[in-house]
Amino acid sequence: MRTELVSRPGDPARPNEDFASVGLPACGQGGSVVVLDGVTPPPDGGGCLHSVPWFTARLGGALTELTVSAPDVPLVEALSLAVARTAAAHAETCDLSHPRTPQATVALARWSAETVDYLVLSDAVLLLASPDGPVTPVLDDRLARLPRELLRSAAYVDGSLRNREGGFFTAAADPAVAARAVTGSVPRAGVGALAALSDGAARWTETFHEGDWTDLFALLRARGAEALVERVRERERADRSGRAFLGNAKTHDDATAVYVEL
């Protein structure tokens, strides 16, 4: 079994707000992948005393534990339980009703001898590759389908689109958001390898259009996760004018890529 995990901060002077894990049960049967992309808070902190890395570490840790130790718990329920557990850890000290309370996008996959289950929430990316080559992207495209002009105003996004009907959803403090995720299950025999990406790593396809998801997966398989992240950084450095980015998007984002051959 081959696994690779690379997570690189967008700015070495700032903490990485992504989280990633690969969980392998001691019995040797099955496993799980968790990738979270923390949402950078506003200057006022979003009503929380804690950092985004604090949040993603706790949410990601809970998801890793639940997906490995409770294989019969559906991923939607696992995410709901992890959100509730994380919210309880700071409900008495922080304003969890603030629209920018710490939150994250989510990509989850869990496999057994029979199935591969998956869950994606917001703009994280999960790629499933069949043993004979075709790659299937699992995407939550609600954010991508919103008019670009609406996303240029942070106030409008927070007040009208973030975790609202007609907008998009992230894992924050409401366990019910788990039901909004894109989920499914496929036979294990139909998946030879998979990859989970934060949107910082997915820029290779989504922002810079270096290739489609099949091309990106081929790069991961041949050159590894570090090569993908470095290719993204090269393109970011070359785009000095920022023309490839939307609104106030960061020139360099935290970039995380996990690759697993089952």
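Calculation notes
- For every chain, the first residue of the written sequence is number 1, and numbering continues from 1 along that sequence.
- Local features in this predicted model are restricted to residues whose pLDDT is 70 or higher, and side-chain atom pairs enter the listing and the counts only when it is 80 or higher, whereas totals over whole chains, interfaces and linings include all residues.
- Hydrogen atoms and water are omitted, and side-chain values are computed over all heavy atoms in the structure.
- Note that a disulfide, as used here, is simply two cysteine sulfur atoms within 2.5 Å.
- Exposure classes here rest on a 1.4 Å probe applied to the protein chains alone. A residue is buried below 20% of its type maximum, exposed above 50%, and partly exposed in between.
- Strands here are runs of E lasting at least two residues and helices are runs of H or I lasting at least four, both read from the DSSP assignment and numbered beginning at the N terminus.
- Whether a set of points on the 1 Å grid over the protein atoms alone is a cavity depends on a 1.4 Å probe fitting there but being unable to get out, while an open set qualifies as a pocket with protein on both sides within 12 Å along at least five of seven lines; lining residues are those with an atom within 4 Å of a point.
- Grid points are joined across faces, edges and corners, and a volume is the space filled by probe spheres set on the points.
- Charged residues are taken to be Asp, Glu, Lys and Arg, nonpolar residues to be Ala, Val, Leu, Ile, Met, Phe, Trp, Tyr, Cys and Pro, and polar residues to be all remaining types, Gly included.
- In short, DSSP must find at least two bridges between two strands for them to pair.
- Counted as salt bridges are all cases of a side-chain nitrogen of Lys or Arg within 4 Å of a carboxyl oxygen of Asp or Glu.

Draft legend 1. Region of interest: the state of the cysteines. Applying the stated rule across the entire model yields zero disulfides. The closest cysteine sulfur to the non-disulfide-bonded C48 is located on C94, 3.5 Å from its own sulfur. A residue is classified by how much of its surface remains accessible, and C94, at 9% relative accessible area, is buried.

Draft legend 2. Layout of the environment of G133. Along the chain, G133 falls in the loop between β6 (125-129) and β7 (135-139). The exposure class of G133 is partly exposed, given its relative accessible area of 34%. Once the C-alpha coordinates of G133 and T214 are considered, the two residues, 81 residues apart in sequence, prove to be 8.6 Å apart.

Draft legend 3. A look at the layout of surface pockets. The volume enclosed by the second largest pocket comes to roughly 270 Å³. The residue inventory of the lining of the second largest pocket, partitioned by class, reads seven nonpolar, six polar and four charged.

Draft legend 4. A look at the pairing of strand β5 (residues 115-121). Among the seven residues that make up β5, six are buried, leaving the element largely enclosed by the rest of the structure. Counted between consecutive antiparallel strands, the loop separating strand β4 (residues 104-111) from β5 contains three residues.

Draft legend 5. Local environment of the pattern of salt bridges. Taken as a whole and assessed by the stated rule, the structure comprises 16 salt bridges. Measuring nitrogen to oxygen at the nearest pair gives 3.4 Å for the salt bridge that ties R85 to E65. One end of the pair, R85, is in helix α2 (residues 75-88); the other, E65, is in helix α1 (residues 52-69), and 20 residues separate them in sequence. Using a relative accessible area of 45% as the deciding quantity, one classes R85 as partly exposed. A salt bridge links D158 to R162; its shortest N-O distance comes to 2.8 Å. Assigned by exposure class, D158 and R162 land together as buried. Residues joined by salt bridges that share partners form a network here, namely R8, E226, E230 and R237.

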